[in-house]
Amino acid sequence: MGWDRDSAARLGAELWCLRTERGLSQQTLALRATISLSTVQSVEACWSPGNDDSPRIPNPTMATLAALAGALDVPVVELLRSAGL
């Protein structure tokens, strides 16, 4: 099962908010989560301005979500709940 564009956008926006609240760059978040920078960029991309014409919707795995949440020091369920998912 994949994400629809609205869900992916909400997740990307929440990830961006949590990351910037903590003063982290995408690179630092990727390093802390031990995932690639391109993965962080992809998850945030649905929210990024000017990306509306992109047909690709990120589909992060639970392992990726757990890594991101851990790097942000929030439970996965809170990351998803904050994104309205």
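Per chain, residues are indexed from 1 in the order of the written sequence. Restriction of local features to residues with pLDDT of at least 70 applies here, the model being predicted, together with a cutoff of 80 or more for giving and counting side-chain atom pairs; totals for whole chains, interfaces and linings are based on all residues. Each side-chain value is worked out from all heavy atoms of the structure, with water and hydrogens disregarded.

Observations regarding helix 1 (residues 5-21)
Put simply, DSSP H or I for four residues or longer makes a helix, DSSP E for two residues or longer makes a strand, and each gets a number counted from the N terminus. In this scheme, a helix's expected span is set at 1.5 Å multiplied by one less than its residue total. For helix 1, which comprises 17 residues, the first-to-last C-alpha distance of 24 Å matches the rise-based estimate of 24 Å (1.5 Å per residue) to within 8%. Here helix 1 has its buried residues at Ser7, Ala8, Ala9, Leu11, Gly12, Ala13, Glu14, Leu15, Leu18 and Arg19. By definition in these notes, contact holds between two residues if any of their heavy atoms fall within 4.5 Å. In this fold, the buried residues of helix 1 make contact with helix 2 (26-33), helix 3 (37-45), helix 4 (62-72) and helix 5 (76-82). One or two positions beyond helix 1, positive phi appears at Gly23, with a value near 70 degrees. To sort residues, take the accessible area from a 1.4 Å probe on protein chains only and compare it with the maximum for the residue type: under 20% means buried, over 50% means exposed, and anything in between is partly exposed.

Description of the packing of helix 2 against helix 3
The angle between the axes and the distance between the axes are what describe a pair of packed helices. The interhelical angle for the contact between helix 2 and helix 3, taken along N-to-C directions, is 115 degrees, at an axis separation of 8 Å. Considering the relative orientation of helix 2 and helix 3, their crossing is right-handed. Here helix 2 contributes Gln26, Gln27, Leu29 and Ala30 to the contact with helix 3, which in turn contributes Leu37, Val40, Gln41 and Glu44. Throughout, the ten residues Ala, Val, Leu, Ile, Met, Phe, Trp, Tyr, Cys and Pro are labelled nonpolar, Asp, Glu, Lys and Arg are labelled charged, and all others, Gly among them, are labelled polar. Of the residues assigned to the contact of helix 2 with helix 3, the class counts are four nonpolar, three polar and one charged. In this analysis, axes come from line fits to C-alpha atoms, helices being fitted only over the stretch in contact, and the angle between any two N-to-C directions falls in the range 0 to 180 degrees. The hand of a helix crossing depends on one turn: near helix anticlockwise from the far one by less than a right angle means left-handed, and clockwise means right-handed.

Focus: the environment of Ala69
Of note, Ala69 is situated in helix 4. When the C-alpha positions of Ala69 and Leu15 are compared, they lie 8.7 Å apart, and in sequence the two are 54 residues distant. Those residues within four positions of Ala69 in sequence are excluded, and the remaining contacts are Val74, Pro75, Val76 and Leu79.

Describing the pattern of salt bridges
Salt bridges are defined by distance alone: a side-chain nitrogen of Lys or Arg within 4 Å of a carboxyl oxygen of Asp or Glu. For the coordinates displayed, the defined rule picks out four salt bridges. Its salt-bridge partner being Asp6, residue Arg10 comes within 2.2 Å of it at the nearest N-O pair. Of this pair, Arg10 and Asp6 both sit in helix 1, four residues apart, roughly one helical turn. With a relative accessible area of 48%, Asp6 lands in the partly exposed category.

A short note on the nonpolar core
Residues enter a nonpolar core if they are buried and are Ala, Val, Leu, Ile, Met, Phe, Trp, Tyr or Cys, with the set joined through side-chain atoms within 4.5 Å. Within the largest apolar cluster, 22 residues are counted, with the highest numbers of intra-cluster contacts made by Leu11, Leu29, Leu72 and Leu79. Ranked by residue count, the leading element in this core is helix 4, at six residues. Ignoring any residue separated from it by four or fewer positions in sequence, one finds Leu11 in contact with Trp3, Val43, Pro60, Leu65, Leu79, Leu80, Ala83 and Leu85.

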